[in-house]
Amino acid sequence: MLENFRQLPRNDRPVSVLGGVRSLHTHGRHVDFDCGEAKIRVGVLAPNLVRVRLSPDGQWKPRRSWAIAAEDESWTPTGFELSETPEEIAIATECMEVRVRRESGLLACIDPQGREFARDLAPGMHWRDRRVAAVKAIEAQECFYGLGQRTGLLEKRGTVATNWTVDSLDYDLLTDEMYQAIPFLMVLRPGLTYGIFLNSTYWSRFDLGEADPNCWRMETDGGELDYYIIYGSQPSAVVATYTQLTGRPPLPPKWAIGYHQSRWSYESQDEVRAIAREFRDRRIPCDVIHLDIDYMRGYRVFTWHPHRFSDPAALVADLRAEGFKTVTIVDPGIKYEPDADYEVFDGAIASDYLVRDRSGKLFHGYVWPDKAVFPDFVRPEVRQWWGDLHQPLTEIGIAGIWNDMNEPAIADRPFGDPGTKIWFPEDAPQGPPEEGATHAEVHNLYGHLMARSSSEAMERHRPEARSFVLTRSGYAGIGRWSAVWMGDNQSRWEYLEMSLPMLCNMGLSGVPFVGCDIGGFFGNATPELFARWMQVGMLYPLMRGHSALGTRSHEPWCFGDRVEQICREFIELRYRLLPYFYTLFWEATTAGTPILRPLLYEFPDDEQTYTIADRVMVGPWLMAAPVCRPGVSTQAVYLPAGVWYDWWTGQHYRGPTQILAEAPLERMPLYVRAGAVIPLAQVGQFVGEGAGDRLTVNVWPPGESGLPTTFIHYEDDGESFGYREGDWATTTYRVRQGDREIVVEIGERQGHWTPPSREAVVEVVGIGRQSFEDDGRSRSLVFPL
Ligand code: MIG
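Once a new chain begins, its residue numbering starts again from 1 and follows that chain's sequence as written. Only residues with pLDDT of at least 70 get local features here, since the model is predicted, and only at 80 or more are side-chain atom pairs given and counted; chain-wide, interface and lining totals rely on the full set of residues. As a convention, hydrogens and water are excluded, and side-chain values are obtained from all of the structure's heavy atoms.

Enquirer: Even after reading the chapter, I still don't get the domain arrangement of the protein, so can you show me in this structure?
Expert: One frequent convention defines the size of an interface as the accessible area lost when the parts assemble. All the domain ranges listed were derived from an automatic or database domain assignment. Per the domain assignment, the segments making up the protein are domain 1 (2-232), domain 2 (254-596) and domain 3 (692-784). The centre of domain 2, based on its C-alpha atoms, is set 36 Å off from the matching centre of domain 3. Here, two residues are considered to be in contact whenever any of their heavy atoms come within 4.5 Å of each other. Of the residues lining the interface, twelve residues belong to domain 2; the matching set on domain 3 comes to 13 residues. Buried area: the accessible surface (1.4 Å probe) lost by two parts on joining, summed over both. Summed over both sides, the interface between domain 2 and domain 3 buries roughly 1,200 Å², with carbon and sulfur atoms accounting for 59% of that surface. Any Lys or Arg side-chain nitrogen located within 4 Å of an Asp or Glu carboxyl oxygen qualifies as a salt bridge. Seen at the junction of domain 2 and domain 3, the total is three salt bridges. The salt bridge partner of arginine 724 is glutamate 459, with a shortest N-O separation of 2.8 Å. N or O atoms within 3.5 Å of each other form a polar contact, as long as, within protein, one can give a hydrogen and the other can take it, and as long as residues adjacent in sequence are counted only when both atoms are side-chain atoms. Taken together, domain 2 and domain 3 are joined by seven residue pairs in polar contact (both at pLDDT 80 or more). Helix and strand definitions here come from DSSP, where helices need a minimum of 4 consecutive H or I residues and strands a minimum of 2 consecutive E residues; each element is numbered from the N-terminal end. At five residues, helix 12 (residues 578-591) tops the list of elements feeding residues into the side of domain 2 that touches domain 3. Residues are sorted three ways: Asp, Glu, Lys and Arg are charged, Ala, Val, Leu, Ile, Met, Phe, Trp, Tyr, Cys and Pro are nonpolar, and all the rest, Gly among them, are polar. Considering only residue class, the side of domain 2 that touches domain 3 consists of six nonpolar, one polar and five charged.

Laid out in C-alpha cells, this is it:
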C-alpha cells in the first residue's frame with residue numbers, strides 16, 4: 001500500500017536533545033531561553049495560559065494561525081514574576097508557575113497547592129530531522145480525555161492518538177486516525193486539570209503511556225514545537241480557556257437543535273415530500289430534511305438532477321410551508337469535465353483554484369463524480385469563490401449545508417474497484433504562494449477550511465437568518481464554523497454505546513454541536529436498537545437520523561407501532577426541553593461549555609466518575625443512564641453526591657449511591673439534580689410552531705441541606721442575528737429552600753428582546769405551581785412546604 005505518501009522523519013539523523021539554558025531575556029509577555037543553537041520561548045497569555053515554543057535552529061518561523069482565534073497579542077496583558085536560582089528559572093502568574101531547569105531545559109508547572117503538572121521527563125523536548133517531540137510525566141491518579149473524535153473508552157490512558165484526518169468509514173473500537181484531528185489533550189486528577197493544545201496542523205501523535213506507563217509523549221512534524229498549557233482547578237475552566245484560544249461556536253438557529261431526518265438518499269422530490277408528509281400526518285416533530293448526494297446531476301457539485309429533482313425551488317418552498325428546513329450535501333470533489341459547460345469545473349480551471357502537485361500538474365482522484373479535482377480551500381479567494389457557488393442554493397431557500405468527504409476522501413481509481421485511499425502529495429503546494437505551505441502542513445485543515453468557506457458563505461448569502469453547517473472533517477476550533485457528525489457508524493449496539501464517549505470527548509475538545517447518526521449508518525437496525533438509539537439521540541446536541549444506501553428504511557415509523565410511539569415520545573421530549581438546550585447552546589457560545597458532558601465534568605472531584613462513559617449529563621441538571629445493550633429492562637445507575645430526582649416518577653435518591661433503575665423499552669432512565677431549574681416549551685411539530693404563549697419552568701427542590709442554585713435562561717428570536725446587537729433576553733432564577741418553604745426568585749429580564757406576551761408557569765415539582773403574566777419584572781415566588 002502507498003501508506004498515503006507519508007514522509008517519515010529520516011532515521012539516519014541523530015536525535016537532538018535540548019541543552020541547558022545559557023541565558024534568558026524577557027520582552028513583554030515572552031521569556032526567551034537561549035539553549036545553544038536551540039531556543040525556547042515561553043509566553044504568558046493569561047494567568048492560566050502559557051505558550052511554549054521550541055525552535056531547534058533558533059529561528060522562529062512565521063506561524064499561520066488557522067486554528068488560533070486569539071493571537072498572543074490579543075490577550076489582556078497579565079503580570080508575572082520572574083525569579084532565578086542557580087538550579088532553575090521560575091515564571092509565576094496569579095495561579096500557576098512554570099519552572100525551567102537550568103541544566104537540562106526541562107520544564108514543569110506548579111498549581112496553587114504546589115502540585116507539579118505537565119512536567120517534562122528526560123529527554124524533555126527533542127527532535128530528529130523535522131520531527132519534534134516532548135515527554136511528560138503521568139502523575140498518580142491522572143486520567144486523559146479530549147483529543148477530539150476518538151473511538152473506544154472515555155478515558156484514554158494507555159492509548160495512542162494520531163491526528164491525521166482520514167475517511168475512517170470502517171472504524172471500530174480500536175481505530176486511531178479519524179475524520180477529525182484535534183490535538184488537544186485534557187488531563188484530570190482531583191482538584192487539578194490541565195489542557196495541552198499542540199499547535200501544529202501537521203501530522204501529530206500523542207502516546208498516552210502506551211509505550212511507557214510513566215510518561216506521555218507528543219510529537220509532530222514541521223520542525224518547531226509549539227504548544228499551550230492551560231491550567232484549571234477543574235475541567236470547565238480548561239475548556240473555557242481552550243475555547244477562548246481556538247474559538248467558540250456561534251448560536252445556531254433554534255430549528256437546528258430540533259430533529260433532523262436524513263438518508264442516503266431520498267432520491268426524488270416526490271420521496272422527500274412523502275417523508276415530510278409522513279412526519280406531519282403521524283405527528284412526529286421534525287424540523288430539517290437533508291438531501292444526500294442523489295439530488296445532484298451525476299454527483300456534480302452545485303447541480304440538481306433534472307428529472308428526479310426537476311423543481312427544487314418548489315420543493316424547498318413547499319417544505320418550508322410545512323415548517324421544514326432543507327439542507328443539501330456538498331462534497332469537495334469537482335467532476336473533471338472539460339468542454340462540457342460545467343461551470344464549476346470551468347471556473348476552477350479558469351482561475352486556477354485547484355490543488356496541483358509540485359510540478360504544477362493538476363491533481364486528480366476518484367470520488368462520486370468519477371474523475372475529480374479539488375479546490376485549495378487554504379486560499380482565501382478559493383473559499384470566497386466556492387462560497388459564492390452556494391448562492392443559487394440559498395436563493396431557493398436552502399438553509400443549511402452538509403460537507404462530506406472532506407478529509408479529503410479520495411480513491412486512486414474509479415469507485416467500485418477496491419481502490420486505495422489517497423490524498424494530495426504531501427509536498428503539493430497549498431495556500432497563498434508566498435506562505436509556502438505544503439499539503440503536509442494543511443492536510444488536517446482541508447475539511448476545516450471547507451466548512452469555514454460554507455459557513456462564511458451562508459452568512460453572506462443569508463444575512464437575515466442564521467444557517468446550519470455540518471461537516472465530517474475538521475481541526476481544532478472547527479466548532480467556530482460548523483456542527484460535526486461522527487461519520488459512518490453501524491447499526492449495532494457497540495456503536496450506540498461508543499457514541500457517548502466519542503461525543504463527550506468532542507465536547508471536552510471544544511466542539512459542543514455534535515451528533516452521531518441515529519439508528520446507525522451501515523446496516524439495518526432492529527426495532528429494539530432503533531428505539532434505544534432514538535432515546536440516546538434525544539441527548540445528542542445534534543439530533544439527526546441517517547442511514548446508508550441499501551439499508552432498510554430507518555424513519556421513526558418504520559419499526560412498528562410500539563417503536564414509533566417511543567420515537568414520538570422521545571422526540572417530543574427533546575422539543576419540550578428545547579428552551580433548556582437552547583440556553584446550553586448559548587452557554588457554549590459564551591464559555592465553550594459542552595452541552596453533552598461526561599459525569600466527570602460536573603463531578604471532577606469524584607474519581608468514580610472518571611471512567612463512566614455510558615452515563616451522561618445534558619447541561620448541569622439532567623443525567624441520563626441510557627440503555628445501550630439489548631434485552632435490558634433494568635439498569636444499574638451510579639448517582640454522584642447530592643440529591644437526585646427520577647424524571648419519570650419524581651422519586652428521589654441521595655447520592656453517592658448505586659441504584660437499579662427500571663428500564664423497559666419505553667423508558668430511558670433520566671435524573672434531575674436537586675435545585676434544577678429547567679425551562680420547558682410546549683411541543684410543536686417544528687420549532688417555530690406557535691408554542692410561544694406559555695413558558696413553563698420546572699424547579700426541583702434543592703433540599704433542606706442543599707445550597708441555593710442559580711440558572712440563567714437565555715432567549716431570543718431563534719433565527720436572526722439580532723442577538724449580536726443586544727436583541728436577547730436572560731432571566732435569572734435563584735432557588736433556595738428553608739424549613740417551611742421553597743423560594744424561587746426571578747430576576748428582572750435583561751437584554752433588549754421581549755418575548756411575545758405569554759403566561760409563565762413555575763412549578764416546583766411535587767410541591768405546587770404558580771402562574772403569572774410574564775412581564776419581565778423581578779418577583780419572588782414562595783412555595784410553602
Ligand atoms: O462514500 O453521501 O459519511 O453520511 O450518506 C459515502 C453519501 C459518502 C459518507 C457520509 C454519509 C453519506 C455518504 N457519504
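Following the structure, the description resumes.
Enquirer: So what exactly am I meant to see when it comes to the site of the ligand here?
Expert: Whether a residue is near a molecule or strand depends on its heavy atoms: if one lies within 4 Å, it is near. Neighbouring the ligand are 13 residues, the closest being Asp292, Asp404, Arg472, Asp488 and His546. Take tryptophan 368: an N or O atom from its side chain is 3.1 Å from an oxygen atom of the ligand. Here an oxygen atom of the ligand and a side-chain polar atom of aspartate 488 are 2.5 Å apart. Computed on the free molecule, the ligand has an accessible area of 360 Å², of which 94% lies beneath the protein chains in the complex. The accessible surface values rely on the Shrake-Rupley method and a 1.4 Å probe; as for residues, cover is taken only from the protein chains in view.

Enquirer: Would you mind showing me how to read the nonpolar core here?
Expert: The tendency in soluble globular proteins is for nonpolar side chains to be buried side by side. By nonpolar core is meant a set of buried Ala, Val, Leu, Ile, Met, Phe, Trp, Tyr and Cys residues that side-chain atoms within 4.5 Å join together. Per-residue accessibility, obtained with a 1.4 Å probe over protein chains only, is compared with the maximum for each type, and a residue is labelled buried under 20%, exposed over 50%, and partly exposed between these values. In terms of nonpolar packing, the biggest core is built from 195 residues, with Ile334, Leu577 and Ile678 touching the most fellow members. The element contributing the most residues to this core is helix 9 (residues 493-508), with ten residues. Among the nonpolar cores identified, the runner-up in size contains 44 residues, and Met96, Val100, Leu185 and Leu208 belong to it.

Enquirer: Please clarify how the pattern of salt bridges should be interpreted in this entry.
Expert: For side chains bearing opposite charge, pairing can occur when the charged atoms are close. For the coordinates displayed, the defined rule picks out 56 salt bridges. Taking the shortest distance from any N to any O, the salt bridge between arginine 466 and aspartate 716 comes out at 3.2 Å. Taken as a pair, arginine 466 in the loop between helix 8 (446-461) and strand 32 (468-471) and aspartate 716 in the loop between strand 45 (709-715) and strand 46 (729-737) lie far apart in primary sequence, 250 residues in all. Using a relative accessible area of 5% as the deciding quantity, one classes aspartate 716 as buried. Note that glutamate 602 is salt-bridged to arginine 597, the shortest N-O span being 2.6 Å. Note on glutamate 602: relative accessible area 18%, which makes it buried.

Enquirer: Got a minute to help me understand unusual backbone geometry in this structure?
Expert: Peptide bonds are trans in most cases, and residues, glycine excluded, mostly fall at negative phi. That bond from alanine 122 to proline 123 is cis: its omega, 10°, falls within 30 degrees of zero. Here proline 123 is to be found in the loop between strand 10 (116-117) and strand 11 (126-128). A cis amide bond, omega -10°, links tryptophan 264 with the succeeding residue serine 265. If you check the backbone angles, aspartate 352 has positive phi at about 60° while not being a glycine. In this structure, aspartate 352 sits in the loop between helix 4 (343-350) and strand 25 (365-367). We classify aspartate 352 as partly exposed; its relative accessible area is 36%.

Enquirer: Would you explain the packing of helix 5 (residues 380-388) against helix 8 in this entry?
Expert: For any two helices packed against each other, the geometry comes down to the angle between their axes and how far apart the axes lie. All axes are obtained by fitting lines to C-alpha atoms, using only the stretch in contact for helices, and the reported angles, taken between N-to-C directions, cover 0 to 180 degrees. One can describe the packing of helix 5 onto helix 8 by two numbers: an axis separation of 8 Å at closest approach and a directional angle of 55°. Comparing their axes, helix 8 and helix 5 come out oblique. Crossing angle aside, the handedness with which helix 5 passes helix 8 is right-handed. Contact residues: helix 5 offers Arg383, Gln384, Trp386, Gly387 and Asp388, while helix 8 offers Leu449, Met450, Arg452, Ser453, Ala457, Arg460 and His461. When its residues are assigned to classes, the contact of helix 5 with helix 8 shows four nonpolar, four polar and four charged. Should an angle fall under 35 degrees it is taken as roughly parallel, and over 145 as roughly antiparallel, whereas 65 to 115 is taken as roughly perpendicular and any remaining angle as oblique. In this scheme the crossing of two helices becomes right-handed for a clockwise turn of the near helix relative to the far one and left-handed for an anticlockwise turn of less than a right angle.

Enquirer: In this structure, what is going on with empty space enclosed by the protein? I would like to understand it.
Expert: If you roll a probe as big as a water molecule over the atoms, it shows you where there is empty space left. Lining residues are defined by having an atom within 4 Å of a point belonging to a cavity or pocket. Those points lie on a 1 Å grid over the protein atoms alone, cavities being sets where a 1.4 Å probe fits but cannot get out and pockets being open sets with protein on both sides within 12 Å along at least five of seven lines. Grid points are joined across faces, edges and corners, and a volume is the space filled by probe spheres set on the points. Overall, the coordinates contain two cavities of 30 Å³ or more when judged by the stated rule. Here the largest cavity is characterised by a volume of approximately 120 Å³. Taken together, 18 residues line the largest cavity, and the ones lying closest to its centre are Thr731, Tyr733, Ile746, Phe772 and Asp774. Contributions of two or more residues to the lining of the largest cavity are made by strand 44 (694-699), strand 45, strand 46 and strand 48 (759-764). When the residues that make up the lining of the largest cavity are grouped by side-chain class, the tally is seven nonpolar, four polar and seven charged. The volume enclosed by the second largest cavity comes to roughly 40 Å³. In terms of lining residues, the second largest cavity is bounded by Ile293, Met296, Tyr299, Asp331, Gly333, Val367, Trp368 and Pro369. A class-by-class count of the residues in the lining of the second largest cavity yields six nonpolar, one polar and one charged.

Enquirer: Quick question: what am I supposed to make of the packing of aromatic side chains here?
Expert: Here the distance between the centres and the angle between the planes together describe a pair of aromatic rings. For Phe, Tyr and Trp, where Trp contributes only its six-membered ring, two rings pair if their centres lie within 6.5 Å, and the inter-plane angle classes them as stacked under 30 degrees, edge-to-face over 60, or tilted in between. In total, this model carries 39 aromatic pairs according to the counting rule given. Look at tryptophan 164 and tryptophan 423: their rings are 5.7 Å apart centre to centre, the planes differ by 55°, and that puts the pair in the tilted class. Taken as a pair, tryptophan 164 in the loop between strand 14 (160-163) and strand 15 (180-181) and tryptophan 423 in the loop between strand 29 (421-422) and strand 30 (429-430) lie far apart in primary sequence, 259 residues in all. Judged by relative accessible area, tryptophan 164 falls into the buried class, the value being 1%. Arranged with centres 6.2 Å apart and planes meeting at 55°, the rings of phenylalanine 363 and phenylalanine 374 form a pair that is tilted. With a gap of eleven residues between them, phenylalanine 363 in the loop between helix 4 and strand 25 and phenylalanine 374 in the loop between strand 26 (370-373) and helix 5 connect regions that are remote in the sequence. With respect to class, phenylalanine 363 is no different from phenylalanine 374; both count as buried. Counting every residue linked through ring pairs, the aromatic cluster contains Phe302, Tyr353, Phe363, Phe374, Phe377, Trp385, Trp386, Phe424 and Tyr446.

Enquirer: Help me out: how do you make sense of the layout of surface pockets in this one?
Expert: Roughly 520 Å³ of internal volume is contained in the second largest pocket. Along its surface, the second largest pocket is lined by 30 residues, and Asp167, Leu169, Trp368, Met405 and Phe415 are the ones closest to its centre. Residues belonging to the lining of the second largest pocket are distributed by class as follows: 17 nonpolar, four polar and nine charged.

Enquirer: How do you make sense of the pairing of strand 19 (residues 215-220) when you look at a structure like this?
Expert: Each regular strand carries side chains that alternate between the two faces of the sheet. Counting buried residues along strand 19, five of its six residues qualify, which places the element largely inside the surrounding structure. Two strands pair under a simple rule: DSSP has to find at least two bridges between them. With six bridges connecting them, strand 12 (residues 131-137) and strand 19 associate as antiparallel partners. When the sheet's bridge partners are listed, valine 132 is paired in strand 19 with threonine 220. Across four bridges, the pairing between strand 18 (residues 204-207) and strand 19 is antiparallel. Paired with serine 204 across the strands is threonine 220, a residue of strand 19.

Enquirer: Quick question: what am I supposed to make of the pairing of strand 6 (residues 81-84) here?
Expert: Alignment of strand 6 against strand 7 (residues 88-92), held across four bridges, turns out to be antiparallel. Bridging from a neighbouring strand, glutamate 84 pairs with isoleucine 89 of strand 7. The antiparallel pairing of strand 6 with strand 7 creates a hairpin that spans three residues between the two strands.

Enquirer: Just to check I follow, could you spell out the sheet that holds strand 42 (residues 670-673) for this structure?
Expert: Strands pair in a sheet through their backbones, by hydrogen bonds, and they do so in one of two ways: parallel or antiparallel. Taken together, the six strands give an open sheet; going across it, the order is 37-38-39-42-40-41, and neighbouring strands pair in antiparallel fashion. With partners counted over all chains shown, the strands left at the sheet margins are strand 37 (596-598) and strand 41 (652-662), one partner each. Neighbour-to-neighbour, the strand axes of this sheet turn through a mean angle of 25°, independent of strand direction. Pairing between strand 40 (residues 634-646) and strand 42: three bridges, direction antiparallel. From the neighbouring strand, tyrosine 645 faces strand 42, where its bridge partner is valine 672. Here helix 12 sits on the sheet and contacts strand 37, strand 38 (616-618) and strand 39 (622-624); the angle it forms with strand 38, its principal contact strand, is near 95°.

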